[in-house]
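Architecture and fold: a report
Residue-level listing of the chains:
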Amino acid sequence: MKNSVWLIIVAGFVTGMGNGSVFTIATQLAVGRGPFPEAGLWGSDAYSPFTFEGFGNWVMIIFGVIFVWILGYALKLHAIREGKAVE
């Protein structure tokens with residue numbers, strides 16, 4: 001498990017943020033820009049969850065974190081099943 005920490009982080013975030021972007025686009029197309037007072041395209045507004053762009057970024061970040069956790073847990077269970085020591 002120690003040797004695959006960066007693999008888990010990179011692969012989990014890439015996969016999770018990719019899936020999060022699809023969810024974000026679907027949500028934003030369904031809801032529209034109506035509930036968001038600002039587009040959030042400049043500076044730190046892009047990371048405020050109360051702007052149109054910030055909502056999308058936060059969804060992708062959350063999906064990335066969740067996929068890192070899922071991948072780490074899956075690899076831990078795989079190591080246990082294979083009979084290798086989990087550290």
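Our subject in this report is the structure included herewith. These numbers come from a predicted model, not from an experiment.

**Structural notes on the overall build of the protein**
- When helices and strands are counted, the protein shows two helices and zero strands.
- Referenced to the eigenvectors of the C-alpha coordinate spread, the extents of the protein come out at roughly 55 × 25 × 15 Å.
- Counting all 87 residues of the protein, 23% fall into the buried class.
- Accessible surface, the protein: about 6,200 Å² in total, of which carbon and sulfur atoms supply 70%.
- Taking the average place of the 5 positive charges on the side chains of the protein and the average place of its 5 negative ones, the gap between the two points comes to 16 Å.

**Side note on helix H2 (residues 52-82)**
- The terminal C-alpha atoms of H2, which comprises 31 residues, lie 45 Å apart, in line with the 45 Å expected from a rise of 1.5 Å per residue.
- Taken together, the buried positions of H2 are Gly54, Gly56, Asn57, Val59, Met60, Gly64, Val68, Gly72 and Ala79.
- Directly after H2, the chain includes glycine 83, whose backbone phi takes a positive value near 85°.

**Notes on a nonpolar patch on the surface**
- A cluster of nonpolar residues, Tyr47, Trp58, Ile62, Ile66, Trp69, Ile70, Tyr73, Leu77 and Ile80, forms a patch on the protein surface that exposes about 950 Å² of accessible area.
- Position of tryptophan 69 among the secondary structure elements: in helix H2.
- What makes tryptophan 69 exposed here is its relative accessible area of 57%.

**Some thoughts on the packing of aromatic side chains**
- Here the structure, examined in full by the defined rule, presents four aromatic pairs.
- On the basis of an interplanar angle of 5° and a centroid distance of 5.6 Å, the ring pair of tryptophan 69 and tyrosine 73 is categorised as stacked. Linking tryptophan 69 with tyrosine 73, this pair stays in helix H2, spanning four residues, or about one helical turn.
- Here the aromatic residues Phe36, Phe52 and Phe55 are joined through ring pairs into a cluster of three or more.

**Describing the environment of serine 21**
- For serine 21, the location among the structural elements is in helix H1 (residues 5-31).
- The spatial distance from the C-alpha of serine 21 to the C-alpha of valine 59 is 7.6 Å, given a sequence separation of 38 residues.
- For serine 21, the side chain forms a polar contact with the main-chain oxygen of glycine 18, separated by 2.7 Å.

So, how was this worked out
Starting afresh in each chain, residues are numbered from 1 along the sequence in its written order. Where local features are concerned, this predicted model is filtered to residues with pLDDT of at least 70; where side-chain atom pairs are given and counted, the filter is 80 or more; whole-chain, interface and lining totals use all residues. Excluded from the side-chain calculation are hydrogens and water; included are all heavy atoms of the structure. A run of H or I in DSSP becomes a helix once it reaches four residues, and a run of E becomes a strand once it reaches two; helices and strands are each numbered from the N terminus. The rule is simple: take the accessible area with a 1.4 Å probe, protein chains only, and divide by the maximum for that residue type; under 20% is buried, over 50% is exposed, in between is partly exposed. Here the open area of atoms and residues is found with the Shrake-Rupley method and a 1.4 Å probe, where only the protein chains shown may cover a residue. For the purpose of charge, His is not counted, nor are the chain termini; Lys and Arg are scored as positive and Asp and Glu as negative. To locate a charge, take atom NZ for lysine, CZ for arginine, CG for aspartate or CD for glutamate. Multiply 1.5 Å by the residue count of a helix minus one, and that product is the helix's expected span. Without a salt bridge and with relative accessible area above 30%, a residue can belong to a patch; like charges are then joined within 9 Å and nonpolar side chains (Val, Leu, Ile, Met, Phe, Trp, Tyr) within 5 Å. For salt bridges, the criterion is a side-chain nitrogen of Lys or Arg within 4 Å of an Asp or Glu carboxyl oxygen. A pair of Phe, Tyr and Trp rings is counted when the ring centres sit within 6.5 Å of each other, with Trp represented by its six-membered ring. The angle between the planes then sorts it: under 30 degrees is stacked, over 60 is edge-to-face, the rest tilted. For this analysis, a polar contact is any N or O atom pair within 3.5 Å, provided that within protein one partner can donate a hydrogen and the other can accept it, and provided that sequence-adjacent residues contribute only side-chain to side-chain pairs.

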